[in-house]
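Residue-level structure breakdown
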Amino acid sequence: MATLRRDGRVTALQRLGCAGLAGALSLSVTAPLELLTVLAQVGTWHCRRGLRSAGLSLCRTEGVRALWKGNLTACLRLCPYSALQLASSRRLVTLFMDELGHVSHWRAIMAGSLAGMVATVVTYPTDVIKTRLIVQSRLEPSYQGIVHALYKIYHQEGLRALYRGVSPAILGAVPFSAGSFFVYISLDKIWQEPIVRFTPLQNFINGCVAAGVAQTLSFPFETVKRKMQAQSPWLPHYGGVDVHFTGMADCFRQTVKNKGVLGLWSGLTPSLLKIVPYFGVMFSTFEFCKRVCLYRNGYIESPLNYKLTPGVDQSLHPQELRELKLLRRENFEPRKSALEN
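These numbers come from a predicted model, not from an experiment.

Observations concerning the packing of helix α2 (residues 31-42) against helix α3 (residues 51-62)
Running from N to C, α2 and α3 cross one another at 110°; their axes reach a closest spacing of 10 Å. It follows from the interaxial angle that α2 and α3 lie roughly perpendicular. On α3, the residues touching Leu 35, Leu 36, Leu 39 and Ala 40 of α2 are Leu 51, Ala 54, Gly 55 and Leu 58. In the contact of α2 with α3, the residues fall into 7 nonpolar, 1 polar and no charged.

Right, dumping it as structure tokens:
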């Protein structure tokens, strides 16, 4: 069983800012691996000789900056996506709770998956734009930027094009949830101790393993989604997609027919390689930002560690602590006499 816990010493705005900065930094650090993953999934000509050759050829033809194509879109998408996912997740977890405020790991994972689906559907057009910016050439770009891509796709291909591939994205949440649940129900057996006693390092390893298993199981749906996002008759070579298809089912069929079953897992290697640095940078950045917020709120002595400030009630919320400090200052501040005035 699990409970819904949140550190009340940090405000909601500070928490969202910490998560946004941590997510943007981790996305930027692992952007080249994400780009290679998308190119391999779509099947562009860059990946015909392997992922290493794909990165080198891309740098030679389009420059090193090409490794970060679409990263700005991914970072801008992060804030609304995270806000929607967090709000939906908390709402769903509350609905899944029992009378004592507990929720099982299975229900917590289901709530997280459903929240992710809600956030995915609402922000899906930005994911389509990110894929289009990645597969296009910087030397002869079809889109001049995020706004231009949104405008051009909408006017040339219609509103439905901005949601092309949303079906496999939603269906992929099922094996993703199953993989996450399979890992989490096995954690106490793997570590041979209760989940509540896990150290931060163990939780980090658990998160990486769960993400790796879940991503591997749902990767075929991710591959089909990327192909559907990239394919367009308005782009050179139909967006560089290695197979042509008429829909989701036909995309699965054509990929297996032309590339084999393993073709559905093209790009899995860089996708798995980015998990550790992604979560490592994200967790470490979030924790440091949180320490800065706790220091500014007056709960710890230094942003470099978690040493608590003596005499501070850690159960108080930031506004309550500020009001208490203000009250103490007013009570102990020497009053000026009438003669001084």
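Thoughts on the UniProt feature "transmembrane region" (unreviewed entry) in the protein
According to UniProt, the feature "transmembrane region" (unreviewed entry) maps to residues 161-184 and 204-221 in the numbering used here. Along residues 204-221 one finds 100% helix and 0% strand; the C-alpha atoms at either end are 26 Å apart.

Remarks on the nonpolar core
Of all hydrophobic cores here, the largest spans 19 residues; its most connected members are Leu 35, Leu 39, Val 42, Leu 58, Val 241 and Phe 245. Secondary structure elements with two or more residues in this core: α2, α3, α6 (124-135) and α10 (200-230). Take this core: its biggest share by element is 5 residues, from α2. If we ignore the near neighbours within four places in the chain, the residues touching Val 42 are Val 135, Arg 226, Lys 227, Ala 230, Gly 239, Gly 240, Val 241 and Asp 242.

A few points about the state of the cysteines
Following the criterion strictly, the structure yields 0 disulfides and no others. Looking at Cys 18, it has no disulfide partner, and the nearest cysteine sulfur is the one in Cys 293, 3.8 Å off. Free cysteine: Cys 75, not disulfide-bonded; nearest cysteine sulfur from Cys 79 at 9.1 Å. For Cys 75, a relative accessible area of 17% gives the class buried.

A closer look at the side chain of Thr 37
You can see Thr 37 is positioned in helix α2. Polar side-chain contacts of Thr 37 include one of 2.8 Å to the backbone oxygen of Leu 33. In this structure the side chain of Thr 37 is engaged in a polar contact, spanning 3.3 Å, whose partner is the backbone nitrogen of Ser 271. If we ignore the near neighbours within four places in the chain, the residues touching Thr 37 are Phe 219, Gly 267, Pro 270 and Ser 271.

A short note on the UniProt feature "repeat: Solcar" (unreviewed entry) in the protein
Per the UniProt entry, the sites bearing "repeat: Solcar" (unreviewed entry) are residues 10-95, 103-190 and 198-292 in this numbering. Along residues 103-190, the helical share is 75% and the strand share 1%, with 22 Å between the first and last C-alpha atoms.

Looking at the confidence of the model for the protein
Of all residues in the protein, 95% attain a pLDDT of 70 or more, and the chain-wide mean is 89. Confidence scores differ between elements of the protein, with strand β1 (residues 2-3) showing the lowest mean pLDDT of 45 and α6 the highest of 97.

Looking at the layout of surface pockets
Roughly 600 Å³ of internal volume is contained in the second largest pocket. The wall of the second largest pocket is formed by 31 residues, among which Thr 44, Trp 45, His 46, Val 135 and Gly 240 lie closest to the centre. Broken down by secondary-structure element, the contributors of at least two residues to the lining of the second largest pocket are α2, α3, α6 and α11 (248-259). Among the elements that make up the lining of the second largest pocket, the one with the highest residue count is α3 (3 residues). Its residues assigned to classes, the lining of the second largest pocket comprises 9 nonpolar, 15 polar and 7 charged.

Some details on unusual backbone geometry
Not every positive phi belongs to a glycine, and His 237 is a case in point at roughly 55°. Relative to the helices and strands, His 237 is located in the loop between α10 and α11. A relative accessible area of 71% places His 237 in the exposed class. Backbone geometry places Tyr 238, a non-glycine residue, at a positive phi of 55°. Structurally, the position occupied by Tyr 238 is in the loop between α10 and α11. We classify Tyr 238 as partly exposed; its relative accessible area is 36%.

Thresholds, definitions, all that
- Residues numbered from 1 in each chain as written.
- Predicted model: local features only at pLDDT ≥ 70, side-chain atom pairs only at ≥ 80, totals over all residues.
- Heavy atoms only, no water.
- Axes fitted to C-alpha atoms, helices over the stretch in contact; angles between N-to-C directions.
- Helix = DSSP H or I, 4+ residues; strand = E, 2+ residues; numbered from the N terminus.
- Parallel < 35°, antiparallel > 145°, perpendicular 65-115°, else oblique.
- Contact = heavy atoms within 4.5 Å.
- Nonpolar A, V, L, I, M, F, W, Y, C, P; charged D, E, K, R; others polar.
- UniProt positions renumbered as here; feature names shortened; annotations may be inferred.
- Core = buried A, V, L, I, M, F, W, Y, C linked by side-chain atoms within 4.5 Å.
- Buried < 20%, exposed > 50% of the residue type's maximum accessible area, 1.4 Å probe, protein only.
- Disulfide = S-S within 2.5 Å.
- Polar contact = N/O pair within 3.5 Å; in protein donor to acceptor, adjacent residues only side chain to side chain.
- pLDDT = per-residue confidence, 0-100.
- 1 Å grid on protein atoms, 1.4 Å probe; cavity = no way out; pocket = protein on both sides within 12 Å on 5 of 7 lines; lining within 4 Å.
- Points joined across faces, edges and corners; volume = space filled by probe spheres on them.

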